[in-house]
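# A closer look at the structure
What follows is the residue order along each chain.
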Amino acid sequence: MSLVAEMLSYRFMVRAFAVGIPVSLCAALLGVSLVLKRYSMIGDGLSHVGFGALALAAALNLAPLSVAVPLVIAAAFLLLRISENGRIKGDAAIAMISGGSLAFGVILVSMTTGMNADVSNYMFGSILSLSSADTVLGAALSAAVLLLFILLYPRIFAVTFDESFAKATGTRAERYNSVIAVLTAVTVVLGMRMMGALLISSLIIFPALTAMRVCRSFRSVTVCAAVLSVLCFVIGLCASYAFELPAGAGIVAVNILAFALCSLAAYIKKH
């Protein structure tokens, strides 16, 4: 508790908690649906698109989020259309778009600003450099994502478990798949500042996989993933502060440890 009190005495740590907790919550909730739909790598693909968009914003001297959010949302829609209507499967489409976007971003960076601090922050994450404007915007967008997820929870549940049955009962599955893609795109862009383009997919995947080791129903997995994600974020941030570790890597390390412990517990219970 003394460590937490010391951390909260710094304004940059308060901003880190204010943005990190809701973004972790959003990532975990969406991660359950993405993992069950076998679309878990979309976070990794969209983060690479986000890096390319941020490199474009830097080259054009524009506000990063004003460029990244619409481009990443457009990429999410494109991935859905390719995987649903084209001959290219979802994982191949993600690999193609993410690789191309990352290469485009690296070329732009090398031709304009070079690998400066801002570019490095978006690549590897720098939650401690969040500005007040970033904090307000991040908290507001995270609240909007959470509200939409809660309101549309029954429909998201339906298209996650049995999309064909959902269509047969009159649910417009394409619309709700698009909603999931948009919410994921916004969460990825917000999370890139915190975790970096290389680590944000871990924030989406690990809490869901860990919760699935100990829970069975969709509701219990969703709740467990949300709680685990927030706990791992808080513990990881505290550990990174105490041991002077990179915040993003510390949070992922705690998520990996939680997954290992829950897997061990599930194995012991089974045998």
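Model, not experiment: these values are computed from the prediction.

### Focus: the overall build of the protein
Helices and strands together make up the secondary structure of the protein, namely 13 helices and zero strands. Start at the N end of the protein and walk to the C end: the helices and strands fall as α-α-α-α-α-α-α-α-α-α-α-α-α. Over its C-alpha atoms the protein spans a radius of gyration of 18 Å, differing by no more than 12% from the 18 Å that the globule rule assigns to 271 residues. A principal-axis box enclosing the C-alpha atoms of the protein has dimensions of 50 × 45 × 30 Å. Counting the 271 residues in the protein, one finds 49% classified as buried. By sequence separation, contacts in the protein at least 24 residues apart represent 76% of the contacts at least 6 residues apart. Accessible surface for the protein amounts to roughly 13000 Å². Of this, 68% is attributable to carbon and sulfur atoms.

### What to know about helix H13 (residues 247–270)
Compared with an ideal rise of 1.5 Å per residue, which puts 24 residues at 34 Å, H13 spans 35 Å between its outermost C-alpha atoms and is within 8% of the ideal. Within the span of H13, buried status applies to Ala 247, Gly 248, Gly 250, Ile 251, Val 252, Val 254, Asn 255, Ala 258, Cys 262 and Ser 263. As for H13, its buried residues are in contact with helix H10 (173–195), helix H11 (200–214) and helix H12 (218–243).

### Thoughts on the nonpolar core
The nonpolar side chains of a soluble globular protein tend to be buried, and buried together. Leu 46, Leu 79, Ile 127, Leu 203 and Leu 237 are the most contacted members of the largest nonpolar core, which has 81 residues in total. For Leu 237, the contacting residues outside a window of four places in its chain are Met 7, Met 13, Ala 16, Phe 17, Ile 127, Ala 247 and Ile 251.

### Quick look at unusual backbone geometry
Most peptide bonds are trans, and most residues other than glycine sit at a negative phi. With phi around 60 degrees, Asn 61 is a residue other than glycine that occupies positive phi space. Judged by relative accessible area, which is 71%, Asn 61 ranks as exposed. The phi dihedral of Glu 244 is positive, around 55 degrees, even though this residue is not glycine. Here Glu 244 shows up in the loop between H12 and H13.

### Section: a nonpolar patch on the surface
A contiguous nonpolar surface patch, about 360 Å² in accessible area, is contributed by Val 223, Val 227, Leu 231 and Ile 235. Mapped onto the elements of the fold, Val 223 is located in helix H12.

Analysis parameters
- Residues numbered from 1 in each chain as written.
- Predicted model: local features only at pLDDT ≥ 70, side-chain atom pairs only at ≥ 80, totals over all residues.
- Heavy atoms only, no water.
- Helix = DSSP H or I, 4+ residues; strand = E, 2+ residues; numbered from the N terminus.
- Rg over C-alpha atoms; globule rule 2.2 N^0.38 Å.
- Buried < 20%, exposed > 50% of the residue type's maximum accessible area, 1.4 Å probe, protein only.
- Contact = heavy atoms within 4.5 Å.
- Areas by Shrake-Rupley, 256 points an atom, 1.4 Å probe, with all protein chains shown as cover.
- Expected span 1.5 Å × (residues − 1).
- Core = buried A, V, L, I, M, F, W, Y, C linked by side-chain atoms within 4.5 Å.
- Patch = residues over 30% accessible without salt bridge, like charges linked within 9 Å, V, L, I, M, F, W, Y side chains within 5 Å.
- Salt bridge = Lys/Arg side-chain N within 4 Å of Asp/Glu carboxyl O.

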